[in-house]
Amino acid sequence: IPSEESLAFYLEKYSETHLVILPWGAGKWLGRRGLVLKETMHQLSYLEYVVGDSGVRPSFWQNVPQFEDAKQLGKHILFGSDPLPVAGQQRKVGSCGAGFYSNQVAEQLVLNLRSTILGLTTEEVSRYGELDGLFGFIYNQFLLRLNRVR
């Protein structure tokens, strides 16, 4: 996948053939970048995509405007562990996620994952796991910045 293209480019290019997930991220969802995300979600609401919530989002951060927009647009919000590239985060894999019922065998489900998820109502997708606490969020943000310096 080429980089340095706009969000609209990726949504338009891949949403018909891939399960496109707009992942939550503190830096991506605030300020100017958050506004670009919000505008793009509304401008391209006719495309099929989902929004990703993450277990690394701190529990005190309850109001996420883009999640409200996703709900209004009828988009799924898939919860997942999405570990950060810092030491110890590998233990978070699978600690939270999204669940739904399907009568497909595993092989079919993997092949049909995009159409299966997009075919569900938002009520049919549940979440499990917990968000990070304040200390964990601050600590991980510190480690992320420390890794950039190295």
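Structure's up top.
The text that follows walks through the structure, step by step, so that each part is easy to find. Values in this document were obtained by computation on a predicted structure and should not be read as measured data. (Residues numbered from 1 in each chain as written. Predicted model: local features only at pLDDT ≥ 70, side-chain atom pairs only at ≥ 80, totals over all residues. Heavy atoms only, no water.)

**A word on helix H2 (residues 31-43)**
Turn by turn, an α-helix covers 3.6 residues, leaving residues three or four places apart pointing in a common direction.
Then, in step 1: When the terminal C-alpha atoms of H2 are compared, their 18 Å separation across 13 residues agrees well with the 18 Å that a helix rising 1.5 Å per residue should span.
Then, in step 2: Within H2 the residues assigned to the buried category are Gly34, Leu37, Thr40 and Met41. The arc enclosing the buried residues of H2, seen along the axis, measures out at 130°, which places them on a common side. Looking at H2, the residues exposed on the side facing more than 90 degrees away from the buried face are Gly31, Arg32 and Gln43.
Then, in step 3: Where the residues of H2 are buried, they touch helix H1 (7-14), strand S1 (21-23), strand S2 (50-54) and helix H3 (65-73). (Helix = DSSP H or I, 4+ residues; strand = E, 2+ residues; numbered from the N terminus. Expected span 1.5 Å × (residues − 1). Buried < 20%, exposed > 50% of the residue type's maximum accessible area, 1.4 Å probe, protein only. Arc of directions from axis to C-beta. Contact = heavy atoms within 4.5 Å.)

**Description of the side chain of aspartate 132**
Then, in step 1: Mapped onto the secondary structure, aspartate 132 falls in the loop between strand S5 (126-128) and helix H6 (134-149).
Then, in step 2: Taking the relative accessible area as the measure of exposure, aspartate 132 reaches 11% and is therefore buried.
Then, in step 3: Residues within four places of aspartate 132 in sequence aside, it is in contact with Gly55, Val56, Arg57, Pro58, Ser59, Lys92, Phe137 and Asn140.

**What to know about the pairing of strand S3 (residues 77-80)**
Then, in step 1: In this structure, S2 lies alongside S3, joined through 4 bridges in parallel fashion. Within S3, the position partnered with glycine 52 by the bridge is leucine 78. (Pairing = 2+ DSSP bridges.)

**As for the sheet that holds S1**
Then, in step 1: Read from one edge to the other, the open sheet built from 3 strands follows the order S1-S2-S3, with strand pairing classed as parallel. One side of each edge strand has no neighbouring strand; the edge strands of this open sheet are S1 and S3. Averaged over all neighbouring strand pairs, the angle between strand axes comes to 35°, with direction disregarded.
Then, in step 2: In the sheet, S1 pairs with S2 via 3 bridges, with the strands oriented parallel. Within S2, the position partnered with proline 23 by the bridge is glycine 52. (Axes fitted to C-alpha atoms, helices over the stretch in contact; angles between N-to-C directions.)

**A closer look at the pattern of salt bridges**
Then, in step 1: Per the counting criterion, the structure on display carries 6 salt bridges.
Then, in step 2: Close ionic contact of arginine 57 with aspartate 53 constitutes a salt bridge, the shortest N to O distance being 2.8 Å.
Then, in step 3: A relative accessible area of 5% places aspartate 53 in the buried class.
Then, in step 4: Two residues, aspartate 132 and lysine 92, come together in a salt bridge whose shortest N-O distance is 2.7 Å. Here lysine 92 lies in the loop between S3 and strand S4 (97-99) and aspartate 132 lies in the loop between S5 and H6, a separation of 40 residues in the sequence.
Then, in step 5: A single salt-bridge network, built from bridges that share partners, covers Asp53, Arg57 and Arg127. (Salt bridge = Lys/Arg side-chain N within 4 Å of Asp/Glu carboxyl O.)

**Examining the nonpolar core**
Then, in step 1: In this structure, Leu11, Leu22, Trp24, Trp29, Met41 and Tyr49 are the most contacted members of the largest nonpolar core, which totals 23 residues.
Then, in step 2: Residue assignment for this core shows that the elements contributing at least two residues are H1, H2, H3 and H6.
Then, in step 3: If one sorts the elements of this core by residue count, H6 sits on top with 3 residues.
Then, in step 4: Not counting residues up to four positions away in its chain, the partners in contact with tryptophan 24 are Trp29, Gly52, Asp53, Ser54, Val56, Arg57, Pro58, Trp61, Val64, Phe67, Asp82 and Phe137.
Then, in step 5: In this structure, Val50, Leu78, Ile117 and Val125 belong to the second largest nonpolar core, which totals 5 residues. (Core = buried A, V, L, I, M, F, W, Y, C linked by side-chain atoms within 4.5 Å.)

Structural measurements only, silent on function.
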